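Residue-level structural notes
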Amino acid sequence: MTAVTDQGRDHGQGGPEGAKDAPGDEGRRWDDGLIARRAAEAAQEDAEAARTPQEDEPGPQVEAYGLPGSPLRPRLDALRELVGLSRARLDGDTLAEAGRVLDEASARQRLSSRHTVVAIAGATGSGKSTLFNALAGVQISDTGLRRPTTSAPIACSWTDGAAGLLDRLAIPGRLRRRPVQGGTATDEALQGLVLVDLPDHDSAATGHRQQVDRVLALVDAVIWVVDPEKYADAALHERYLRPLAGHAEISFVVLNQIDRLSAEAADLVLDDLRRLLDEDGMAVGEHGEPGATVMSLSALTGAGVGDLREVLGTFVQDRTAAARRLSADVDAAAARLRPVYVAEGRPGLGERAREQFTDRLAEAVGAAAAGQAAEREWRRNAGRACGTPWLRLWRWYESTRQLGGGLDLMAQVLAPPEEELTARQRVEQAVRKLADDAVDGLPAPWAQAVRETAVNGAKGLPEALDELSRNAQAGAGGRGRGSNADTGSARVGPGGKGRGARGSEHEGAGGPDVKGSGGVGTATGAGRRGSGSPGRTSTPAGGTPGGRGARPPRPAWWPAAVLAQASMTLLQIFGGLWLLGQIIGVLEPGLLTPALLMLAGVVGGPLVEWSCAAAARGPARRYGQEAERRLREAAAGCGRVRVLDPVAAELARYREVRERYVAVTELSTTGG
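Residues numbered from 1 in each chain as written. Predicted model: local features only at pLDDT ≥ 70, side-chain atom pairs only at ≥ 80, totals over all residues. Heavy atoms only, no water.

1. Re the packing of helix H5 (residues 92–109) against helix H13 (residues 321–341)
- It is the contact of H5 with H13, at a shortest axis distance of 9 Å, that shows an interaxial angle of 165°. Relative to H13, the element H5 is oriented roughly antiparallel. As H5 runs across H13, the sense of the crossing is left-handed. Each of Thr 94, Leu 95, Glu 97, Ala 98, Val 101, Ala 105 and Arg 108 in H5 lies in contact with H13, whose residues at this interface are Ala 322, Leu 326, Asp 329, Val 330, Ala 333, Arg 336, Leu 337, Val 340 and Tyr 341.
- For the contact of H5 with H13, a count of residues per class yields eleven nonpolar, one polar and four charged. (Axes fitted to C-alpha atoms, helices over the stretch in contact; angles between N-to-C directions. Helix = DSSP H or I, 4+ residues; strand = E, 2+ residues; numbered from the N terminus. Parallel < 35°, antiparallel > 145°, perpendicular 65-115°, else oblique. Left-handed = near helix turned anticlockwise from the far one by under 90°. Contact = heavy atoms within 4.5 Å. Nonpolar A, V, L, I, M, F, W, Y, C, P; charged D, E, K, R; others polar.)

Below, the structure written as structure tokens:
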């Protein structure tokens, strides 16, 4: 009996392929000749071309993702987001498999969910075509000793509406058949089955093997047919069963040709087959556990074929094969992506790493030295205000009597610096150490992205920190020399304010409003050149060590100390004049009183100066610490904007894609 074609059943036409034999004509048909069969195939192809999609696909189709509420849809959505977020960080080859799974899932979703496509695959001589014919109940696929016998996939559909699925498999209409159904309960259970007979997976023809690989990637389930001689073939296990171990729930492994073995030998071979599947990592579904179905039969004698039909009927009626296949594909794609998403440990930037980075930048910019300079400047101001005038006069004399002092100062200014104000190597080391801490445990692609982000952000960091250090030194030096009015350079203290020659104060590095490249302003521009060009200006905060008129804040006791020092000086002058008047005879003699007054002034002046110096230590120390803190914060802000924030953003991106990857894997239904 020949096969009933899909063409005649779809259109309900009678004909040589669609009608049964008339009573009394069993065993005799007019189309059992070669010429008649070729004519029937030609008529089938013409009708296939004229058939409309509405006739073949009646009614709307439910999605192929299984029942509503299935975890497959959120997994696919998460995988789609994962691929989208990773395209800028991972190469196309890494994401190729995930993209293919998404494309195939989308294509399967648009097709019928009432059909289950099952492929029969096997090696040369395993009897898969014989099993295909036995399941269909009719001679569809050619069998024989010639190898290879099957040269192209042949499909057999138990119900209408499978044309779209077969088009996806690229099976032409002339290779689509219908089975002979006897109306039994088993035949009813197989409604919706689309069986595909494949060429040999170990065929000598390369095109046959390529067709097998192409169709196996698209079908919903696979029946692997093995024989007692080649069931342990390395080509089968290493090329197919082991890579598809995660697809165990949609796999059937059938030991064929048991008619050639005794019952005891067949059991031994079947047990050894289960052992090999276990070594391949493919779970065997026994005792109600999910996994591959392993059974033995003889397609030639029909022994065990009925059991396989019953198992297939239950499998087809479940209507979840497509969802299981897609879920297994998602598991396989996620397993391939695991090395590029799963980190060892908990990578990221902790508070300790951030503090160490800030400390290194503060050391590179010289924050501690700037604080000490500011403290010394505060104490010098206190000495000028509260010191004795004779000591200040002596210091002035000592500074002016040194010959060539001005030339030496000019030579120091014009001489090229021996090294950068900011140690560039220290900055690079700080960035490198920060990157190492951030990428500890990260997968290689994301670690490389974090390192590149840190390096790119640090390109202008040494120059910006140099500007901070230069501004701090310019502020301290300008106050000591009083040269800003002559040179027009900006006097910028550790606080970061600068004032140009014309008095317009521009924001410098570390000021309240951070400006300039990387969020750190500099004293360059109008303030440094003294051009007075308009810009963002602000009033200097009290206590900001800055330019002329921006001296350190004076404590409340300074006026009293200045008054006391002035009183001591007046006592000295008054006592000296009194003694001088007595010596020249203008005043009455009496040395004791003027001598005591003069002695009180001479002793009281240094005593007041020493007391003021002791009292100024605390405020000077606090002022230096504040200057160090402000310069340290300015350097930290520069490093944060240029390096820390970009690195943290890259790590946040990794955490986001890691969450998407977890969403892909945590709802797995196949144990992958």
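Here the narrative resumes, following the displayed structure.
2. With respect to the side chain of Ser 298
- Mapped onto the elements, Ser 298 comes out in the loop between strand E8 (293–296) and helix H12 (305–318).
- A polar contact of 2.8 Å, which involves the side chain of Ser 298, links it to the side chain of Asp 259.
- Not counting the four nearest positions on each side in its chain, Ser 298 is found in contact with Asn 256, Gln 257, Ile 258, Asp 259, Ala 303 and Val 305. (Polar contact = N/O pair within 3.5 Å; in protein donor to acceptor, adjacent residues only side chain to side chain.)

3. Re the environment of Ala 78
- Mapped onto the fold, Ala 78 is located in helix H4 (residues 72–86).
- On the accessibility criterion, Ala 78 (1% relative accessible area) is buried.
- C-alpha of Ala 78 to C-alpha of Arg 660: the two residues are 582 residues apart in sequence and 5.4 Å apart in space.
- Ignoring sequence-local partners within four residues, the contact set of Ala 78 consists of Arg 660, Ala 663 and Val 664. (Buried < 20%, exposed > 50% of the residue type's maximum accessible area, 1.4 Å probe, protein only.)

4. Considering unusual backbone geometry
- You will see that Gln 257, though not glycine, has its phi angle at about 65°, which is positive.
- Following the sequence through the fold, Gln 257 ends up in the loop between strand E7 (251–255) and helix H11 (263–280).
- Of note in the backbone geometry, Arg 319 takes a positive phi value of approximately 60° without being a glycine.
- Its place among the elements puts Arg 319 in the loop between H12 and H13.
- Residue classification places Arg 319 among the partly exposed residues on the basis of a relative accessible area of 32%.

5. Side note on the pairing of strand E2 (residues 116–122)
- With seven of seven residues buried, E2 is to be regarded as a mostly interior element.
- Going residue by residue along E2, you find Thr 116, Val 118, Ile 120 and Gly 122 tucked away on one face and Val 117, Ala 119 and Ala 121 tucked away on the opposite face as well.
- Relative to strand E5 (residues 193–197), E2 runs parallel, the two being bridged by five bridges. Within the sheet, the bridge partner assigned to Val 117 lies in E5 and is Val 194. (Pairing = 2+ DSSP bridges.)

6. Things to note about empty space enclosed by the protein
- Taken as a whole and judged by the stated rule, the model has six cavities of 30 Å³ or more.
- Looking at the largest cavity, its volume works out to about 60 Å³.
- Where the lining of the largest cavity is concerned, the elements lending two or more residues are H5 and H13.
- Here the lining of the largest cavity is built from residues that sort into five nonpolar, no polar and six charged. (1 Å grid on protein atoms, 1.4 Å probe; cavity = no way out; pocket = protein on both sides within 12 Å on 5 of 7 lines; lining within 4 Å. Points joined across faces, edges and corners; volume = space filled by probe spheres on them.)

7. Observations concerning the packing of aromatic side chains
- Enumeration over the complete set of coordinates arrives at five aromatic pairs.
- Judged by centre distance (5.4 Å) and plane angle (45°), the ring pair of Trp 224 and Tyr 240 falls under tilted. Of this pair, Trp 224 sits in strand E6 (residues 221–226) while Tyr 240 sits in helix H10 (residues 234–241); the two residues are 16 residues apart in sequence, bridging distant segments of the chain. Per residue, the accessibility class of Trp 224 equals that of Tyr 240, and both read buried.
- Pairing Tyr 341 with Trp 446 gives two aromatic rings, centres 6.5 Å apart and planes at 40°, and the pair type is tilted. Placement of Tyr 341 in helix H13 and of Trp 446 in helix H19 (residues 444–457) is noted, with a sequence separation of 105 residues between them. Across the pair, exposure class does not vary: Tyr 341 and Trp 446 are buried alike.
- Through a chain of ring-to-ring contacts, three or more aromatic side chains come together here, namely Tyr 341, Trp 446, Tyr 654 and Tyr 661. (Phe/Tyr/Trp six-rings, centres within 6.5 Å; stacked < 30°, edge-to-face > 60°.)

8. Points about the packing of H4 against H13
- Contact geometry for H4 and H13: axes closest at 11 Å, N-to-C directions at 35°. Of the two possible hands of crossing, H4 and H13 adopt the one that is left-handed. Of the residues in H13, those touching H4 at Leu 72, Arg 75, Leu 76, Leu 79, Leu 82 and Ser 86 are Ala 323, Leu 326, Ser 327, Val 330, Asp 331, Leu 337 and Tyr 341.

9. Digging into H4
- For H4, built from 15 residues, the straight-helix expectation of 21 Å at 1.5 Å per residue is met to within 8% by its first-to-last C-alpha distance of 21 Å.
- For H4, the secondary structure elements touched by its buried residues are H5, H13, H19 and helix H24 (592–666). (Expected span 1.5 Å × (residues − 1).)

10. Side note on the nonpolar core
- One finds Leu 131, Leu 169, Val 196, Leu 216 and Ile 223 to be the most contacted residues of the largest nonpolar core, which totals 70 residues.
- One finds Leu 82, Val 330, Leu 434 and Val 450 within the second-largest nonpolar core, a separate group that totals 61 residues. (Core = buried A, V, L, I, M, F, W, Y, C linked by side-chain atoms within 4.5 Å.)

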